[in-house]
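Examining the three-dimensional arrangement
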Amino acid sequence: MTNYQWDFFTVWQNYDLFLYGMWITVVYTFGSIFFGVVIGFMTCAARLSSWRSLQAIARIYQEIFRCSPLLVQLLWFYYAFPLLVGGSIDNRVAAMLTLSLYVGSFYAEIFRGGIVSIDRGQREAAAAIGMSPWQSMVRIILPQALKRMLPSFINQSIIQFKNSSLVSVISVADLAYMAAVVNGQTYRPLESYTVMAALYIALLLPLTQIADWVERRLRASD
Amino acid sequence: MTTTSNDAVLAAVGLRKSYGALEVLKGLDLTLARGEVVALIGPSGSGKSSFIRCLNMMETPSGGDILFRGRKVGDKFRDAGETIGIGTLRRQVGMVFQHFNLFPHKTVLQNVTEGPIVVCKTPRKEAEDRARELLAKVGLADKHAAYPNHLSGGQKQRVAIARALAMDPQVLLLDEVTSALDPELVGEVLTVIRQLAEAGMTMAIVTHEMAFAADVASRVLFLDQGVIAENGSAQDVILKPTNPRLQAFVARFRG
Ligand SMILES: Nc1ncnc2c1ncn2[C@@H]1O[C@H](COP(=O)(O)OP(=O)(O)OP(=O)(O)O)[C@@H](O)[C@H]1O
Ligand SMILES: [Mg+2]
């Protein structure tokens, strides 16, 4: 190892592959965050509704996705699910679907936790001045709950960014997948994977800094 | 104070409330006449909070009726046929809580204008002018821009009273509004309530402040074991009680 000849040049000649991979990673991360927020919001609403069967369905969905590894879910949706429904599924669709359902189950819990953590007295005070349940939710509960759930939301989203690398196992051409491709072409695993790691860090570092900043701001405003 | 039934603003008829198997209110009747101040006293767990919270449907009664100006209150938010809605009721029946329950993400002024603007669709300017008036009335004219977390308990409770008054309620319900306050802050809140009473505000007040109740209330109810055990003037109920359970209760609070 001592006289290993580093050769980043050969690897970096494939920078277009890395750039494309980064783009795909960003698309899957933010795409699944978007769909996850929608799913999480609906699931949270179902959990908080007074309709028992709706609560149960939401709960079952959440537990399935929170209690199995994302890798297992990806494999299942790509290889098993098509057999179940008798067809085939595009790997990109399977990847986006799984990532969204996965993160949605966690978001739902974050949203729900934020809402139920707001003191009951807030809802009562809103009701006492004649607000409808909807007005109370939108004007009194949610503004406070969103603030409280923001740090966990950002955290979960950062984890999602990293988890997106798992889509490479079903051949979605994200950054992790492209590093393997470059390795295959250059036979330079040390450099290929080091570049990959450095790029992930470069993408995530600003996000963790923003998260810290947001958390400091929120704490200061209490 | 003499009243006729025409003056009845808020009434409970045969009011019952159970939590599961526990029956807390066993058929209570109360008529609040315009301008009347009724104090509710009674041992802990006797159902004072349950009772006053049923009056604005914060708790759903298990039986009996709430009447607002003679009209039955339904179980829907909106008016439906003959019955008036819970929303309509609460717009005209204010409530002040033991733990203030101010909106922490809004300024003092916004706390007070929230109801008029959102519920009554009052124009902002008008609502703000009225809010400043009310804040001045409770002695907090200079605090309009502050957030609730920066206020003392006594100041918070006075903002909460202003918030309730901003809706121009026909009745004000107060549930132990000084119980969470440091002793030296109780006076400033009681002063505000006394002023309201003098100005003719109709109120139902749950309190453990016997001297205050005796002083401000036109009528005192002693709640015990889910029924109204005594109902009379402060003179009869607090100052010269005859019922032995009431005697024991009052003696304890005289300390
Ligand atoms: N939401 C609830 N669920 C179950 N039991 C309740 C609930 N609210 C009140 N209770 C019970 O009902 C009884 C009456 O309670 P309530 O709060 O009305 O009494 P209170 O006279 O206001 O007492 P305090 O002086 O302690 O405030 C108590 O035994 C209480 O434990
Ligand atoms: Mg009580």
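Residues numbered from 1 in each chain as written. Chains lettered and ligands numbered in written order. Predicted model: local features only at pLDDT ≥ 70, side-chain atom pairs only at ≥ 80, totals over all residues. Heavy atoms only, no water.

**What about empty space enclosed by the protein?**
Across all of its chains, the model carries one cavity of 30 Å³ or more by this definition. By volume, the largest cavity amounts to about 60 Å³. Of all elements in the fold, only helix H6 (120-128) of chain A together with helix H2 (86-92), strand S6 (93-96) and helix H5 (153-165) of chain B reach the threshold of two or more residues within the lining of the largest cavity. If you tally residues by element for the lining of the largest cavity, the top one is S6 of chain B, at three residues. Residue composition of the lining of the largest cavity, grouped by class: eight nonpolar, one polar and three charged. (1 Å grid on protein atoms, 1.4 Å probe; cavity = no way out; pocket = protein on both sides within 12 Å on 5 of 7 lines; lining within 4 Å. Points joined across faces, edges and corners; volume = space filled by probe spheres on them. Helix = DSSP H or I, 4+ residues; strand = E, 2+ residues; numbered from the N terminus. Nonpolar A, V, L, I, M, F, W, Y, C, P; charged D, E, K, R; others polar.)

**Overview of the sheet that holds strand S2 (residues 22-33) of chain B**
All names here are of chain B. Spatially, the four strands line up as an open sheet ordered S2-S1-S4-S5, and their pairing is antiparallel. Two strands lie at the open edges of the sheet, namely S2 and strand S5 (71-72), each paired on one side alone. Here strand S1 (residues 8-19) pairs with S2 via nine bridges, running antiparallel. Looking at the pairing, Tyr19 lines up with Leu22 of S2. (Pairing = 2+ DSSP bridges.)

**Observations regarding the sheet that holds strand S7 (residues 171-175) of chain B**
Residue and element names in this part refer to chain B. Pairing is mixed across the open sheet formed by six strands, whose spatial order is S6-S7-S8-S3-S9-S10. Every interior strand has two partners, whereas the edge strands, S6 and strand S10 (227-232), have only one. When strand polarity is set aside, the average angle formed by the axes of neighbouring strands in this sheet is 20°. Of the strands in this sheet, S6 and S7 touch H5, which is tilted by about 170° from S6. (Axes fitted to C-alpha atoms, helices over the stretch in contact; angles between N-to-C directions. Contact = heavy atoms within 4.5 Å.)

**Notes on the environment of Gly94 of chain B**
Residue and element names in this part refer to chain B. Inspection of the secondary structure assignment puts Gly94 in strand S6. You can call Gly94 buried: its relative accessible area is 6%. Residues Gly94 and Leu173 lie 79 residues apart in sequence; the distance between their C-alpha atoms is 6.0 Å. Discounting residues that sit within four places of it in the chain, Gly94 has contacts with Ala164, Pro169, Val171, Leu172 and Leu173. (Buried < 20%, exposed > 50% of the residue type's maximum accessible area, 1.4 Å probe, protein only.)

**Notes on the confidence of the model for chain B**
When pLDDT is low, close inspection of the predicted coordinates is not appropriate. Summarising the model, chain B shows a mean pLDDT of 93, and 97% of its residues fall at 70 or more. For this predicted complex, the interface confidence score (ipTM) comes to 0.92, while the overall pTM stands at 0.88. (pLDDT = per-residue confidence, 0-100.)

**Notes on the interface of chain A and chain B**
Residue-level contacts link 20 residues of chain A with 24 residues of chain B. In total, about 1,700 Å² of surface goes out of reach between chain A and chain B, with carbon and sulfur atoms giving 61% of it. Considering only the side of chain A, the residues that lose the most area to chain B are Ala128, Ile129 and Arg139 of chain A, jointly responsible for 33% of the buried surface there. If you look at where chain A meets chain B, you find two salt bridges. With a shortest N-O distance of 2.8 Å, Glu124 of chain A and Arg53 of chain B are connected by a salt bridge. Joining chain A to chain B, the criterion identifies seven residue pairs in polar contact (both at pLDDT 80 or more). Only H6 and helix H7 (133-163) of chain A provide two or more residues apiece to the side of chain A that touches chain B. Of the residues forming the side of chain A that touches chain B, the biggest block, eight residues, is contributed by H6 of chain A. (Buried area = accessible area lost by both parts, 1.4 Å probe. Salt bridge = Lys/Arg side-chain N within 4 Å of Asp/Glu carboxyl O. Polar contact = N/O pair within 3.5 Å; in protein donor to acceptor, adjacent residues only side chain to side chain.)

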